[in-house]
Amino acid sequence: MLTTLAVAAFAGGLGATLVLTPFFRFLAQRRDLLDRPGEGHKRHSREVPLLGGFAMFSAWTLGIASGIAAALTGRIPGVSGDFGADIVRGVCNAAPALGAIFAGALAALVLGFYDDCRPMSAQWKFLGQFFIALLAVGPGEVRFNCFIGSDLIVGAISVFWVMLMMNSINFFDNMDGLAAGTLAISFALFSAVALLGGQIFISVLSALSCGVVCGFWYYNAAPATIFMGDSGSHFLGYLVAVIAAKTTFFYSGVSLSRLPQLMPLFILALPLFDTAMVVAIRTWNRRPFWIGDLNHISHRFVRMGLSRKQAVALVHLLALAIGIGILPVYWGKVATAVILTLQSVLMIGIITFLQLTLAGKEDPRR
């Protein structure tokens with residue numbers, strides 16, 4: 001029954017985005033909302049419409065609204081009886097928190113769009129992200145569970161988590177289809193974990209988000225006909241941060257260790273790893289870490305001899321391999337969890353070694 005709901009949500013998000021994206025692409029062209037090449041680290045060869053973020057947000061909102069309407073009217077596909085009533089009660093009880101999470105998603109979209117139109121200074125952008133994260137952690141009740149007894153410390157970590165993911169996805173959106181494909185994999189894995197834990201809403205929300213991103217990916221894959229822009233990267237970064245924090249990764253009766261709490265870090269390993277690497281390189285070379293360059297993991301693969309399409313495909317395969325490889329930690333014994341965690345760490349270490357050895361420490365043009 002839960003699988004049916006997730007599949008229906010995925011299909012709805014996919015269909016809505018496939019339909020809405022061409023409209024927003026046309027609107028961007030008419031309003032001259034275009035990403036132009038030749039500025040700084042940008043390497044695309046032609047003007048590309050923005051507003052991909054608005055296409056995804058609109059499809060996502062439509063999916064949320066349709067799901068709530070179906071629940072309240074008792075017309076959920078494949079669901080009836082007491083289970084349907086439980087869903088309605090859950091929606092009603094969670095309405096205030098869901099409203100705050102939705103408001104945060106809208107605010108992330110607007111903040112990113114403003115930055116697309118009028119590039120903001122780093123401090124103002126970070127301040128906007130901070131208030132958005134506060135909205136999610138406060139009224140939205142988003143908590144990144146790290147088994148710390150202090151509510152203040154957990155709240156601070158959760159705010160940092162939301163801000164980190166908004167910036168990580170913004171950094172990671174540096175080649176056609178790269179961020180979209182990686183996030184599609186992440187949302188699918190989060191949906192699977194939530195499904196295993198019986199988390200109805202999170203599983204369906206993750207499946208819907210996966211469908212939305214897959215629909216956009218169709219237009220964003222090389223050669224991209226539309227970009228998500230900062231509006232899209234902020235929205236998706238916020239959304240994946242919330243879903244990761246809301247997913248319950250530890251059940252004492254299922255896992256014999258608390259290592260499953262590391263799963264979101266590995267499901268999102270490549271965006272987080274990429275952010276850590278570029279921040280370290282820019283800081284080491286005394287450059288502002290928020291200024292873009294060509295030292296991302298995808299750029300390093302290109303410098304190793306791959307084409308841009310091949311580099312993107314390799315990143316997606318690595319994201320899938322690490323994400324799937326860490327899933328058994330959810331139900332594994334302590335020894336299994338430790339071995340799989342170390343295996344994922346070693347895989348990231350191998351990537352780092354190869355890139356530093358074959359691609360150099362930084363792009364020579366920067």
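Relevant structure appears above.
Residues numbered from 1 in each chain as written. Predicted model: local features only at pLDDT ≥ 70, side-chain atom pairs only at ≥ 80, totals over all residues. Heavy atoms only, no water.

A.B. asks: So what's going on with the packing of aromatic side chains? Which residues, and what values?
C.D. replies: One pass over the full model with this rule turns up 14 aromatic pairs. A ring pair is formed by Phe-57 and Phe-235, whose centres lie 5.4 Å apart and whose planes are at 80°; its orientation type is edge-to-face. Placement of the pair is Phe-57 in helix H2 (residues 52–73) and Phe-235 in helix H9 (residues 229–246), with a sequence separation of 178 residues. According to the relative accessible area criterion, Phe-57 is buried, its value standing at 9%. Between Trp-60 and Phe-235 the ring centres are 5.4 Å apart and the planes differ by 65°, which places this aromatic pair in the edge-to-face class. Of the two residues, Trp-60 is situated in helix H2 and Phe-235 in helix H9; the sequence distance between them amounts to 175 residues. Considered together, Trp-60 and Phe-235 belong to a single accessibility category, that of buried residues. The structure contains a cluster of three or more aromatic residues connected by ring pairs, namely Phe-57, Trp-60, Phe-102 and Phe-235. The ring of Phe-250 has Arg-258 sitting right over it, with the charged end atom 6.0 Å from the ring centre. (Phe/Tyr/Trp six-rings, centres within 6.5 Å; stacked < 30°, edge-to-face > 60°. Helix = DSSP H or I, 4+ residues; strand = E, 2+ residues; numbered from the N terminus. Buried < 20%, exposed > 50% of the residue type's maximum accessible area, 1.4 Å probe, protein only. Lys NZ or Arg CZ within 6 Å of the ring centre and 35° of its normal.)

A.B. asks: Let's hear about the side chain of Thr-341: which residues, and what values?
C.D. replies: Tracing the sequence through the fold places Thr-341 in helix H14 (residues 334–358). Residue Thr-341 is classed as buried on the basis of its relative accessible area, which comes to 10%. Among the polar contacts listed, one links the side chain of Thr-341 to the backbone oxygen of Ala-337, at a separation of 2.7 Å. The residues touching Thr-341, leaving out its near neighbours within four places in the chain, are Leu-259, Leu-262, Phe-266, Ile-326 and Val-329. (Polar contact = N/O pair within 3.5 Å; in protein donor to acceptor, adjacent residues only side chain to side chain. Contact = heavy atoms within 4.5 Å.)

A.B. asks: Got a sec to walk through helix H8 (residues 200–220)? Specific residues and values, please.
C.D. replies: Its 21 residues give H8 an end-to-end C-alpha distance of 30 Å, which sits within 8% of 30 Å, the value for a rise of 1.5 Å per residue. Burial analysis of H8 places 16 of its 21 residues in the buried class, which makes it a mostly covered element. (Expected span 1.5 Å × (residues − 1).)

A.B. asks: Quick rundown of the environment of Gln-199? Include the residues and the values.
C.D. replies: Checked against the element boundaries, Gln-199 lands in the loop between helix H7 (178–196) and H8. Taking the C-alpha atoms as reference points, Gln-199 and Thr-247, separated by 48 residues in sequence, lie 7.6 Å from one another. Once residues lying within four places of it in the same chain are set aside, the contact partners of Gln-199 are Ala-194, Lys-246, Thr-247, Thr-248 and Tyr-251. At a separation of 3.0 Å, a polar atom in the side chain of Gln-199 contacts the main-chain carbonyl oxygen of Lys-246.

A.B. asks: Residues and numbers for helix H5 (residues 122–137), please.
C.D. replies: With 16 residues, H5 should cover 22 Å at 1.5 Å per step; its first-to-last C-alpha distance of 22 Å lies within 8% of that length. Residues Ala-122, Lys-125, Gly-128, Gln-129, Ile-132, Ala-133, Ala-136 and Val-137 constitute the buried set of H5. For H5, the secondary structure elements touched by its buried residues are helix H4 (95–117), helix H6 (151–172) and H9.

A.B. asks: Pulling in residues and values, what's your account of the pattern of salt bridges?
C.D. replies: Counting across every chain of the model gives 4 salt bridges. In this structure, Glu-47 engages Arg-36 in a salt bridge whose closest nitrogen and oxygen atoms are separated by 3.0 Å. One end of the pair, Glu-47, is in the loop between strand S1 (34–35) and strand S2 (48–49); the other, Arg-36, is in the loop between S1 and S2, with 11 residues separating them in the sequence. Relative accessible area serves as the criterion here: at 30%, Arg-36 is assigned to the partly exposed category. For the salt bridge of Lys-125 with Asp-115, the shortest nitrogen-to-oxygen distance reads 2.8 Å. One end of the pair, Lys-125, is in helix H5; the other, Asp-115, is in helix H4, with 10 residues separating them in the sequence. Here the two residues Lys-125 and Asp-115 agree in accessibility, since each one is buried. (Salt bridge = Lys/Arg side-chain N within 4 Å of Asp/Glu carboxyl O.)

Purely spatial values, then, with no claim about function.
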